[in-house]
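# Coordinate inspection notes
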Amino acid sequence: MLSSQNFVDQLTDKGFNFFTGVPCSLLSGLISCLEKTPDVPYIPAVREDAAVGLCAGAYMAGSLPVLLMQNSGLGYCLNAFTSLNLIYKIPTLVIMSWRGCGGNDAPEHIIMGKINEDLLKAAGMDYAVITPENHRDVLERAVRKINEELPFTLLVKKGIFDERH
Amino acid sequence: MKGTEAFQELIPLLKDQPVVHANGYICRESFQLQDREANFYMIGSMGLASSIGLGVALCRPDKKVIIFDGDGNVLMSMGTLAMIAATAPKNLVHIVFDNQVYESTGSQRSLSGSVPLEEVARSSGYPVALKVSKKEEVKPAFEKLMNGDGPGFLLIKVDPVFDPKTGRVTHTPEEIKTRFMNALGRREEGSRN
């Protein structure tokens, strides 16, 4: 298991300084740490696509944004990713919980869990599945993508981060 | 008042402020009348002009940030009004051109004829929310918002008389972004506009 605080520290060390999102229990540790981090905002968003817009504005205004969300919000975001981020080249680091992974979750998560990776691939959104072993490497990969001004998604399975709820 | 007339009243009042434009007729009218480097033309992602503008405003408190929004966009993302009210950036001015239709797709009816958006903004928590419907009211209302603390909301009721021959924005999306970012520049610590 990864320490949420340690990962938040890695993100801020990399220069990420604007955080927003819609909560997921799998990301509750990360959000809890972010809310206690001085000097970087965590803005609660009403819906995931509004958080995509917020991140886009923050990036153009000189910040480096991170969006935390559950994969149930991916559908809401597809138009924003394809008609904003990808065509304007506006990067955002997306930390997305992978509910329904492996088909073992509540019924409302099963279908999205199954098509989550296919949807990202079809939309042309580069991503990696984060593990305790690869987390430094995939974060480096994300930063390289963001330097190319493209979004990057880290998919988070259950139990990767310590949860606080 | 025609939509074009509302833009004609507002555009001469702009200095170097960043203006985030909603998609459709808002982008096209404004681009046609006066293209500006500090204009962000959102050509897709309907509903997100308000959240993009909020992101800019939160990260650049030294700049007055303006959103040119439409009734269809606001209705699509009504929750963003709550985000703006809750984060309460003093430097944000949210202007909505309300023609009560989805004009660039053939003037299909929107719901803003039945839902007073300025009241929605006010009850969400915008400290100031104004509504105007006459041409001569536009300038004083805009100046009131620009000179006061925000977030301010201005609903401009306009007639749905968009000319479909009005051209589209000709810059590529990447050009729009690069120009906008260059116009915004970097924040100087302690500076105020």
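The text that follows walks through the structure, step by step, so that each part is easy to find.

Reading guide: rules and limits
- Residues numbered from 1 in each chain as written.
- Chains lettered and ligands numbered in written order.
- Predicted model: local features only at pLDDT ≥ 70, side-chain atom pairs only at ≥ 80, totals over all residues.
- Helix = DSSP H or I, 4+ residues; strand = E, 2+ residues; numbered from the N terminus.
- Rg over C-alpha atoms; globule rule 2.2 N^0.38 Å.
- Buried ≥ 20, exposed ≤ 12 C-beta atoms within 10 Å, placed from the backbone.
- Contact = placed C-beta atoms within 7 Å.
- Core = buried A, V, L, I, M, F, W, Y, C linked by C-beta atoms within 7 Å.
- Pairing = 2+ DSSP bridges.
- Axes fitted to C-alpha atoms, helices over the stretch in contact; angles between N-to-C directions.
- Parallel < 35°, antiparallel > 145°, perpendicular 65-115°, else oblique.
- Left-handed = near helix turned anticlockwise from the far one by under 90°.
- Nonpolar A, V, L, I, M, F, W, Y, C, P; charged D, E, K, R; others polar.
- Expected span 1.5 Å × (residues − 1).

On to the overall build of chain B, then. Scanning chain B from N- to C-terminus turns up eight helices and eight strands. For chain B, whose C-alpha radius of gyration is 15 Å, the value lies close to the compact-globule estimate of 16 Å for 193 residues. Summarising its shape, the C-alpha atoms of chain B cover approximately 45 × 40 × 30 Å along the three principal directions. Counting only residues that meet the buried cut, chain B has 51% of its 193 residues in that class. Excluding contacts between residues fewer than 6 apart, the proportion of contacts in chain B whose partners are at least 24 apart in sequence is 74%.

Let's shift gears to the interface of chain B and chain A. Each partner contributes to the interface: chain B provides 27 residues, whereas chain A provides 26 residues. If you tally residues by element for the side of chain B that touches chain A, the top one is helix H3 (residues 49-59) of chain B, at eight residues.

Here we take up the nonpolar core. If you look at the biggest cluster of nonpolar residues, it comprises 115 residues, and the most contacted ones within it are Leu30, Val52, Ile95 and Val156 of chain A together with Met42 and Ile156 of chain B. For this core, the element with the highest residue contribution is helix H3 (residues 48-60) of chain A, accounting for nine residues. Beyond its immediate stretch of four places on either side in the chain, Val52 of chain A contacts Leu67, Cys77, Ala80, Phe81, Leu84, Asn85 and Thr92 of chain A together with Leu48 of chain B.

Residues and elements named next belong to chain B. In space, the six strands of this open sheet follow the order E2-E1-E3-E4-E8-E7, with parallel pairing throughout. Edge positions in the sheet fall to strand E2 (39-41) and strand E7 (128-132), since each has one partner strand and no second. Pairs of neighbouring strands in the sheet enclose a mean axial angle of 15 degrees, with direction left out of account. Across three bridges, strand E1 (residues 19-21) lies against strand E3 (residues 65-70) in parallel orientation.

Attention now moves to the pairing of strand E1 (residues 18-21) of chain A. Residues and elements named next belong to chain A. The alternating pattern of E1 places Phe18 and Thr20 on one face and Phe19 and Gly21 on the opposite face, and all of these are buried. In the sheet, E1 pairs with strand E3 (residues 65-70) via four bridges, with the strands oriented parallel. Looking across to E3, one finds that Phe19 is bridged to Val66. Both E1 and strand E2 (residues 42-44) contribute to a ladder of three bridges, which runs parallel. Each residue of the ladder has a partner; that of Phe19, found in E2, is Tyr42.

Burial runs high along H3 of chain B: 11 of the 11 residues are buried. Of the positions making up H3 of chain B, those classed as buried are Ala49, Ser50, Ser51, Ile52, Gly53, Leu54, Gly55, Val56, Ala57, Leu58 and Cys59 of chain B.

Our focus in this paragraph is the sheet that holds E3 of chain A. Residue and element names in this part refer to chain A. The sheet built from six strands is open, its strands ordered E2-E1-E3-E4-E6-E5 with parallel pairing. What marks the edges here is a single partner per strand, and that holds for E2 and strand E5 (126-129). The mean inter-strand angle of the sheet, taken between neighbouring strand axes irrespective of direction, is 20 degrees. Sheet analysis places strand E4 (residues 93-97) next to strand E6 (residues 152-156), joined by five bridges and oriented parallel. In the strand pairing of E6, Leu93 is matched with Phe152. Relative to E2, helix H2 (residues 28-35) is tilted by about 120 degrees, and along the sheet it contacts E1, E2, E3 and E4. Packing against the sheet, H3 makes contact with E1, E2 and E3, and its axis sits at approximately 170 degrees to E3.

All names here are of chain A. On the secondary structure map, Ser72 appears in the loop between E3 and helix H4 (74-88). Ser72 sits in the partly exposed class, given 19 other C-beta atoms within 10 Å. Remark: the alpha-carbon pair of Ser72 and Cys33, spanning 39 residues in sequence, is separated by 23 Å. Beyond its immediate chain neighbours, meaning those up to four positions away, Ser72 contacts Arg99, His109 and Met112.

Turning next to the packing of helix H1 (residues 3-10) of chain B against helix H7 (residues 135-147) of chain B. All names here are of chain B. Close contact between H1 and H7 brings their axes to 9 Å; oriented N to C, the two are set at 40 degrees. Taken together, the axes of H1 and H7 lie oblique to each other. Taken as a pair, H1 and H7 cross one another with a handedness that is right-handed. The segment H1 lies against H7, with Glu5, Ala6, Glu9 and Leu10 engaging Lys135, Val138, Lys139 and Phe142. Partitioning the contact of H1 with H7 into residue classes produces four nonpolar, no polar and four charged.

Attention now moves to the packing of H3 of chain A against H3 of chain B. A pair of packed helices is captured by two measures, namely the crossing angle of their axes and the spacing between those axes. Closest axis-to-axis distance for the H3 of chain A/H3 of chain B pair is 6 Å, and the angle between their directions is 40 degrees. One finds that H3 of chain A runs oblique with respect to H3 of chain B. Classified by chirality, the crossing of H3 of chain B by H3 of chain A is right-handed. Contact residues: Ala50, Gly53, Leu54, Cys55, Ala56, Gly57, Ala58 and Met60 of chain A in H3 of chain A; Ser51, Ile52, Gly53, Leu54, Gly55, Val56, Leu58 and Cys59 of chain B in H3 of chain B. Counted by class, the contact of H3 of chain A with H3 of chain B contains 11 nonpolar, five polar and no charged residues.

All names here are of chain A. Between its terminal C-alpha atoms helix H6 (residues 135-147) stretches 18 Å, which fits the 18 Å expected from 13 residues at 1.5 Å a residue. Looking at the packing, one finds that the buried side of H6 touches helix H1 (4-13), E4 and E6. One or two residues past the end of H6 sits Glu149, with phi positive at roughly 65 degrees.

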